[in-house]
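Commentary on secondary and tertiary structure
Now for the letters of each chain:
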Amino acid sequence: MRKSLLFALLLALPLGAAPVVQSFSPASGPTTGGTEVTIKGTFDPAKGPLVIFGNVPAASTRVVDATTLVAVTPEHIPGVAMLWVREGNLGSNQNHRFAFVGDIPPSYERILIPIFTPPVQGAFGSEFRTTLRLWSTGGGEAIYGINPGSSICPTLCPIWNPIDAPILVSGDRNADDRMPDPIGTPGRFVYMRRDQAKNVVMQLRVADITRDHLNFGTEIPIVRENELFANGETIALIGIPLDPRFRNTLRIYSTEILGLFVTIGSEERFVMLRPGQDLFEPAYAEIGNFPTGTGTVRVTINHPAGSPNPFPQPPHPPVWAFVSVTNNDTQTITTITPQR
Amino acid sequence: MHRSVATLAFAILSSTAVLASPKITSVTPNHGSILGGTTVIIKGTGFSDTCIICSPPFADPQVYFGDDQAASVDFIDDTTIRAVTPQHLPGTVDMRVLQLDGSNPNFDILENAFTFEDDTYDAFEPVLFPIYMRPVQGAFGSEFRTTARVYNQGFTQLPIIGIDRTCTLIDPPISPTVPIPLEPRGLEMELPTGCSNTVARLFFVPIGRDKELAASIRVWENTRQAQSHGVEIPVVRRSDLSATVSLLGVPIDPRFRNTLRIYGLNHSTEWVNVLIDGELHQLPLVPSGDLFAPSMITFTDFPLPHELPAGKKTVTVTIDALQGVNGTQSPTFSPIWAFISVTNNETQEITTITPN
C-alpha cells in the first residue's frame, strides 16, 4: 500500500519540472528599479527560484510559497523585457513581458558606435565594411543593442529583442574577438552596466575590402559617455582639408532631435538632426558639401546658446561629431575627430 | 649773456644726472609653490617707479621669474619691491627687475634667485602628443611628416607651455617654459614640430583647463603624393591613461609592420608587462629626464605569421602597468597609454590601433 502511494506521488511530481509563470503584477515600473512584482505560477522553493528580467536578475526574489514569488526589479534600460524564472538549469516559459519606463538609469552607460553599417557600395567599385571587435578583461559582460549575429542565431531563431538579448563579451585571451553583424544607421547606441563597461575593450574599423591589400582600414573611435559633448560644449574639428582630391563628410550624433549651429570656415549653417527611432538609434545629421580650395578649414559645432552667457542654460543633449576624409581616387579614408 | 647760458647749461646737466640702475641684493623667501601666489620681498638699491614713457610718469617696475612675469608688483621704496609669483613649472630660475626710469642699464638679474617647488602635475595639466617629430626618413625611401595644431575653444585666453621654437629664427629664442597665450576662439596655431628632438611631446596648460584646448596631430608619408590626408594620432589627456591598455585586432601579416609605443608620466623607471598572444615581454619604462618628453618605449617584436595557430591572423596586445619585474605586484604604478601604428610596407600608408 505504502509503496503504491509513494509510486503515485512520484508520478504526480515529475522530476526536473521547469517553473511556470502564470501571471504577474504590476506590468511596469521605473528604469531605476525598486518595484515589487508579485509573480504567480508553479515553483519549487527547494531549488531557490530566481526572477530574471531579460538578462538581469531581480534585485531580490522572495519565495512566499510554491505558487507565489515577490521580486524587486533591478535598474534596467527602458523597454519591454521578458520576465521569467530560473530554477537551477531550468527556465520558465518566456511569454511574459515587464515594461521598464523612464530614462537610462545611472548604473548604465551609453556608448556610441559611430559607424556600424552593413557593407556599403562606394564610388569606383569600392565596398566599405565595418568590423567591430569586442573583448573583455573579465568575461561575460552584457552589451545591449548589438545583434548576436546571423551566424549565432539563424533564421529559425525568434525575432531578436535587443532589450532581452544582450551580447556577452568573451574574456578568453585565446579566442578570436567577437565580431557581430553591423546594424547601425549609420551609428548605434549600445548600453552596458558601468561596472562592466570598464572591463570591455572595443575596436571599430572601416575598410574598403576591394583594396585591402593596400591598407588595414581606418580606425573609428568608440565614444564613451564621458567623451560626448554635453552642456552646450563646443566641438572643434581642426585641419580639415579643402583639397579637391578629398571629399569630406561631417557626421553629427545626439541622443535627441535638436538643431545645432555648424560653422565651416566662415560659413555658419543651422542643422537639424533627424530623430532616432529608438534608444539604440542616434539622432543624426550628415553634411557633405564642404568648400574646396587650398589649405584647411575648421568646423565648430555649437548649441544655439553656446556662446558665453551669464544666464543659466537649459541642459543640452550630448553631441558628438567627426569628419571622414576620403580620397576620391584611392578611396582611402582618414578621420578628424574631437581631440580634447 | 654768457653767464645765463652757463647757468642754463648747468641746470640742464643737473636735471639729467645719471640715474642709479636697479640692483637686486636678495629675494625673500627664495622658494615657493608652482601654483604661484607666493609674496616675495625683493631688496636692493636703485629701484624706481618713475616711468619716462608713461603718462602719468609712474609705473611699478617689471619683475620676472625666469621668463614669466610676476602676478603682481608693488613698489615700496628705492630699496624694496614686493611681488607675487606666477604659476611656473618646477625648477630654480633667475629673477629680473626692469624699470623704465631712464637708467642705463635699466635692469638687473639675480641668478638662481627663486625655486618653484612641488610636482608639476599639481598645477599643470599634461597633454600628450604621442607623435611629435621632425620629418623622419622611413623604410623604402619614405619620409614621414607630422603636423600638429592647437586651438582654444574656450572663452578666455589659454596659456600653453612647452612650445619649443628654439630652431626657428626668433631672436632671442623663446624657451619652451614660456607660456604662449592662445586667444579664445581665434586662429589655430600650427606647432613647430621641426624643432622636436623626441618622438613625443608633453605640453602643459593650467590644471582644470585642458578641455579648452582642441588639438590635432596628423602623420603622413610625404613621398607618395599624399594619397590620404594622413592618419590622425590621438591627443592624450591625463584621464586617458590607465593601468591596463588592450589593443585588439593587431594584424600579423607580412604586408604590414607594427610598432607598439607605450607612454607614461612616471618620474622613475617602472616596468610594464606586454602580453601578445600568450607571450609575455617585460619592458622598462624609463623617464626621459626632459620635462616636455614622456617616458616612452617602442616595441616591434611581434610574432610572425607562421608562429600563430592556423587560421589566426590577428592578435590582442595587452599592456599592463600593474606588474613589477618577474610578475611581482608593483606597490605603486603610474598609468600608461599605448597605441600601435600599422604601416603597409608597400604603400607606407599608416593606420592606428588605439585604446577604446
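Quick look at the structure, then. Every chain begins its residue count from 1, and numbering advances along the sequence as written. Chain letters start at A and ligand numbers start at 1, both assigned in the order the entries are written. Where totals are concerned, whole chains, interfaces and linings use all residues; where local detail is concerned, this predicted model gives features only for residues with pLDDT of at least 70, and gives and counts side-chain atom pairs only at 80 or more. Think of the side-chain values as coming from all heavy atoms in the structure, minus any hydrogens and water.

1. Examining the overall build of chain A
- A count of helical and extended segments in chain A gives two helices and 26 strands.
- Under the scheme applied here, a residue whose accessible area is under 20% of the maximum for its type counts as buried, over 50% as exposed, and between as partly exposed, the area being computed with a 1.4 Å probe on protein chains only. The proportion of buried residues among the 340 residues of chain A is 51%.
- What makes two residues a contact is simply this: any of their non-hydrogen atoms within 4.5 Å. If you take every contact in chain A between residues at least 6 apart in sequence, the share linking residues at least 24 apart comes to 72%. Under the DSSP-based scheme used, a helix requires at least four consecutive residues in state H or I and a strand at least two consecutive residues in state E, with every element numbered from the N terminus.

2. Examining the state of the cysteines
All names here are of chain B.
- Any cysteine sulfur atom paired with another within 2.5 Å is treated as part of a disulfide. Tallying each qualifying case throughout the model produces two disulfides over all chains.
- The disulfide that involves Cys 51 links it to Cys 54, with 1.9 Å between the sulfurs. Between Cys 51 and Cys 54, the S-S dihedral sits near 60°, and the bridge is therefore right-handed.
- Between the sulfur atoms of Cys 167 and its disulfide mate Cys 195 the distance is 1.8 Å. Residues Cys 167 and Cys 195 are joined by a disulfide whose S-S torsion is about -80°; by sign, that bridge is left-handed.

3. Some points on the interface of chain B and chain A
- Across the boundary between the two partners, chain B contributes 47 residues, which contact 49 residues of chain A.
- A buried area of about 3,900 Å², summed over both sides, lies between chain B and chain A, and 48% of it is on carbon and sulfur atoms.
- A pair is scored as a salt bridge if a Lys or Arg side-chain nitrogen falls within 4 Å of a carboxyl oxygen belonging to Asp or Glu. In this assembly, chain B and chain A are joined by one salt bridge.
- In this structure, A:Arg298 engages B:Glu188 in a salt bridge whose closest nitrogen and oxygen atoms are separated by 3.3 Å.
- We define a polar contact as two N or O atoms separated by no more than 3.5 Å, with the added condition that, inside protein, one atom must be a possible hydrogen donor and the other a possible acceptor, whereas residues neighbouring each other in sequence contribute only through side-chain atom pairs. Remark: the boundary between chain B and chain A carries 22 residue pairs in polar contact (both at pLDDT 80 or more).
- Where the side of chain B that touches chain A is concerned, the elements lending two or more residues are strand 12 (143-152), strand 17 (213-221), strand 18 (231-233), strand 20 (244-251), strand 25 (314-320), strand 26 (336-344) and strand 27 (350-353) of chain B.
- No other element matches the five residues that strand 17 of chain B contributes to the side of chain B that touches chain A.
- Each residue gets one of three labels, nonpolar for Ala, Val, Leu, Ile, Met, Phe, Trp, Tyr, Cys and Pro, charged for Asp, Glu, Lys and Arg, and polar for the others, Gly among them. Class assignment of the residues belonging to the side of chain B that touches chain A gives a composition of 18 nonpolar, 19 polar and 10 charged. Buried area: the accessible surface (1.4 Å probe) lost by two parts on joining, summed over both.

4. Quick look at the sheet that holds strand 9 (residues 107-117) of chain B
Residues and elements named next belong to chain B.
- Taken in spatial order, the five strands of this open sheet run 2-9-8-4-5, and their pairing is mixed. Each edge of the open sheet is held by one strand with a lone partner, namely strand 2 (31-33) and strand 5 (68-69).
- Looking at chain direction, strand 2 and strand 9 are connected through three bridges and run parallel. Across the sheet, Ser 33 pairs through a bridge with Glu 117, a residue of strand 9. For two strands to pair, DSSP has to find at least two bridges joining them.

5. With respect to the environment of B:Phe65
All names here are of chain B.
- Within the secondary structure, Phe 65 sits in strand 4 (residues 62-65).
- Residue Phe 65 is classed as buried on the basis of its relative accessible area, which comes to 0%.
- In this structure, the C-alpha to C-alpha distance between Phe 65 and Val 84, residues 19 residues apart in sequence, is 9.9 Å.
- Filtering out sequence-adjacent residues up to four positions away, Phe 65 remains in contact with Val 40, Ala 70, Val 84, Thr 85, Pro 86, His 88, Val 93, Asp 94, Met 95, Phe 114 and Phe 116.

6. Observations concerning the sheet that holds strand 20 (residues 246-254) of chain A
All names here are of chain A.
- Strand order in the open sheet formed by four strands is 23-20-25-26, with antiparallel pairing between adjacent strands. One side of each edge strand has no neighbouring strand; the edge strands of this open sheet are strand 23 (283-287) and strand 26 (333-336). The average angle at which neighbouring strand axes cross in this sheet is 20°, direction not considered.
- Inspection of the sheet shows strand 20 paired to strand 25 (residues 319-327) by nine bridges, in the antiparallel sense. Of the residues in strand 25, the one forming a bridge with Arg 251 is Phe 322. Here an angle of 0 to 180 degrees is reported between the N-to-C directions of two axes, which are lines fitted to C-alpha atoms, with helices fitted over the stretch in contact.

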